[in-house]
Amino acid sequence: MQVKRLGFPIASVFLLAACGQSADKPIDERSAIIAPIASGEMVIKFQIGEQDPRDWTITPELSPDTLVFECPMGETIPVTFETDVETRTIPMTLEQDSLQFDVIVNENIVALTELKCIEEIVRYTGDFSADRPTAGDYERDIEPILETYFDERGPGAIVSIVEDDRILLEAAIGYDNIEAQTRRQVSEAFDIASVSKEFTAISILQLVEQGKLSLEDPLSTFFADLPNGDQITLHHMLTHTHGLSQIRTGEGFDDTVPRDLDVALGHIRSQGAKFAPGERYDYGNTSYYLLAMIAERVSGIDRETYVTENLFGPAGMTESTFIADDPDSKRRVGAYNELDGAHVPRTFDNYLPNAVGQGDIVSTFRDMRRWQRAVSDGTLISPEMFALAVAPKQLNDGSQIERGYGFFYGEVDGELIIYNTGDFFTHTRQLYMPSRDLSIMVNTNATPQYDSGQSSIVWLQIVGKVLNRQKLTIFGDEIDLNDL
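Residues numbered from 1 in each chain as written. Predicted model: local features only at pLDDT ≥ 70, side-chain atom pairs only at ≥ 80, totals over all residues. Heavy atoms only, no water.

Asker: Whenever I open this one, the environment of Ala-157 confuses me. Can you help?
Answerer: Along the chain, the position of Ala-157 falls in strand β11 (residues 157–163). Leaving out residues up to four positions away in the same chain, Ala-157 has contacts with Leu-146, Phe-150, Ala-171, Ala-172, Ile-173, Arg-184, Asn-443, Thr-444 and Asn-445. (Helix = DSSP H or I, 4+ residues; strand = E, 2+ residues; numbered from the N terminus. Contact = heavy atoms within 4.5 Å.)

Asker: Just to check I follow, could you spell out the state of the cysteines for this structure?
Answerer: Disulfides are covalent bonds that connect the sulfur atoms of two cysteines. Inspection of every chain in the model, using the stated rule, returns 1 disulfide. There is a disulfide in this structure between Cys-71 and Cys-117, and the S-S distance comes to 2.0 Å. Across the disulfide from Cys-71 to Cys-117, rotation about the S-S bond amounts to roughly -60°, and the bridge is consequently left-handed. A residue pair is termed long-range when its members are at least 10 positions apart, and Cys-71 in the loop between β6 (65–70) and β7 (77–82) and Cys-117 in strand β10 (residues 109–118) qualify at 46 residues. (Disulfide = S-S within 2.5 Å.)

Asker: What's the story with the packing of aromatic side chains in this structure? I'm lost.
Answerer: Two aromatic rings, taken as a pair, are described by how far apart their centres are and by the angle between their planes. Throughout the structure, instances matching the rule amount to 16 aromatic pairs. When the centroid spacing of 5.5 Å and the interplanar angle of 10° are considered together, the rings of Phe-408 and Tyr-419 count as stacked. Of this pair, Phe-408 sits in strand β22 (residues 408–412) while Tyr-419 sits in strand β23 (residues 415–423); the two residues are 11 residues apart in sequence, bridging distant segments of the chain. The exposure class of Tyr-419 is buried, given its relative accessible area of 2%. Taking the centre distance of 4.6 Å and the plane angle of 85° together, the rings of Phe-408 and Phe-475 count as edge-to-face. Taken as a pair, Phe-408 in strand β22 and Phe-475 in the loop between β27 (471–474) and β28 (477–480) lie far apart in primary sequence, 67 residues in all. Across the pair, exposure class does not vary: Phe-408 and Phe-475 are buried alike. An aromatic cluster is present here, built from Phe-46, Trp-56, Phe-81 and Phe-101 joined pairwise through their rings. The ring of Phe-425 carries the charged tip of Arg-332 above its face, separated from the ring centre by 4.7 Å. One residue, Lys-465, lies across the ring of Phe-128, its end atom 4.7 Å from the ring centre. (Phe/Tyr/Trp six-rings, centres within 6.5 Å; stacked < 30°, edge-to-face > 60°. Buried < 20%, exposed > 50% of the residue type's maximum accessible area, 1.4 Å probe, protein only. Lys NZ or Arg CZ within 6 Å of the ring centre and 35° of its normal.)

Asker: Honestly, the pattern of salt bridges in this entry has me stumped. Any pointers?
Answerer: When charged atoms on two side chains of opposite charge get close, those side chains can pair. One pass over the full model with this rule turns up 22 salt bridges. Note that Lys-116 and Asp-97 form a salt bridge whose closest N and O atoms lie 2.9 Å from each other. One end of the pair, Lys-116, is in strand β10; the other, Asp-97, is in the loop between β8 (87–92) and β9 (98–105), with 19 residues separating them in the sequence. Asp-97 matches Lys-116 in its accessibility class, with the two residues each being buried. We note a salt bridge from Glu-163 to Arg-436, for which the minimum N-O separation is 2.9 Å. Residue Glu-163 is found in strand β11, and its partner Arg-436 is found in the loop between β24 (427–433) and β25 (438–444); the two are separated by 273 residues along the sequence. (Salt bridge = Lys/Arg side-chain N within 4 Å of Asp/Glu carboxyl O.)

Here's what the structure looks like:
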């Protein structure tokens, strides 16, 4: 089941960043079955209440693919699906609980879909203004946020706020291992998940600066017969605008066994292109897996050796390693799913080395702080290349995306910020403001049953306290931190 949780009545794109965590779940026998919805495309539109319409990617291998949203008691929430064939509005209430229906694509692909109402989730609200009594007192400011979302008796979170080598706050709440009754520690290692893509991007940019690659190199230079391979460039791969299908959605794909590159390329070829290069932004793992393979081929050394010698070493990252070196989570924090009020260990059947280039690194706050500085101060790439990496990127129609080469980017009061999220076993959120040498990082090892956006909300409310702002523009949307 893939849970896509959206609050009501807000419209927060950042919640989608936490989508994609799957867990086995039987079909809910309490769900009513309604008539199927027809579509001619794999991406359709949905709208909850008065929120802005969003894209929904049909995912047949998830059964059911579940959309979870909050329903105020006694209210009816209209949920509208719009395809190229029909438009359907489905009224939902908390008392109704859930509904299931098939989405039928081109009359032959069937995806079981579920709508589920949940009670409204408690959120922190408070004063984010610069003249609040607690401004600058980060412990008093941020402790109430953590206590709103985490219980000392369950899994929790760690927080690090550092500016110009001054530790403004280090905080921890909850357990890193419930069974052993060990507490979370700010110094502990955790999987950084998709933040690992930053390391892949910097590897490619280093090879570009060495003249071994060009951002305009076509994908066909490295892999034959891929869809649109002559038109897709490394620029498209770095910005998730390539249009290739996701490896994991290929028929017969098995991520529980070691991934063979030729087999993976076969899955990509068999699915064809989703759209023309540069036509739209479509986040995923395919491109960064292939970029890691390109870096290996061009550099002549394997991923782990390259990253260790050319990234970890120069950046002074002495506490970082790879998730494949710790398959049993003995050196990194444990992770837990919430299930009907209980906390159960969060596990995956994935063969962990398959996360190469996409989610393969284990690190610490100290090392990630060193990484943020080394990326932006000229240690790993030139200042000119860093500026290019975080410069505005555009689609073919001229519209701007917030994704650079490996990073999200934006501005606060005219100052550049770079940020990223990662979700695998744990959930990592980080933001860096180079002009202030300001780093704000959060890692949570709790995955709520329905509130998949929790880690992003905690992080952003902490960012708001540090920057004295109740409203932030993040992932292209302006959000009110008291209306989440």
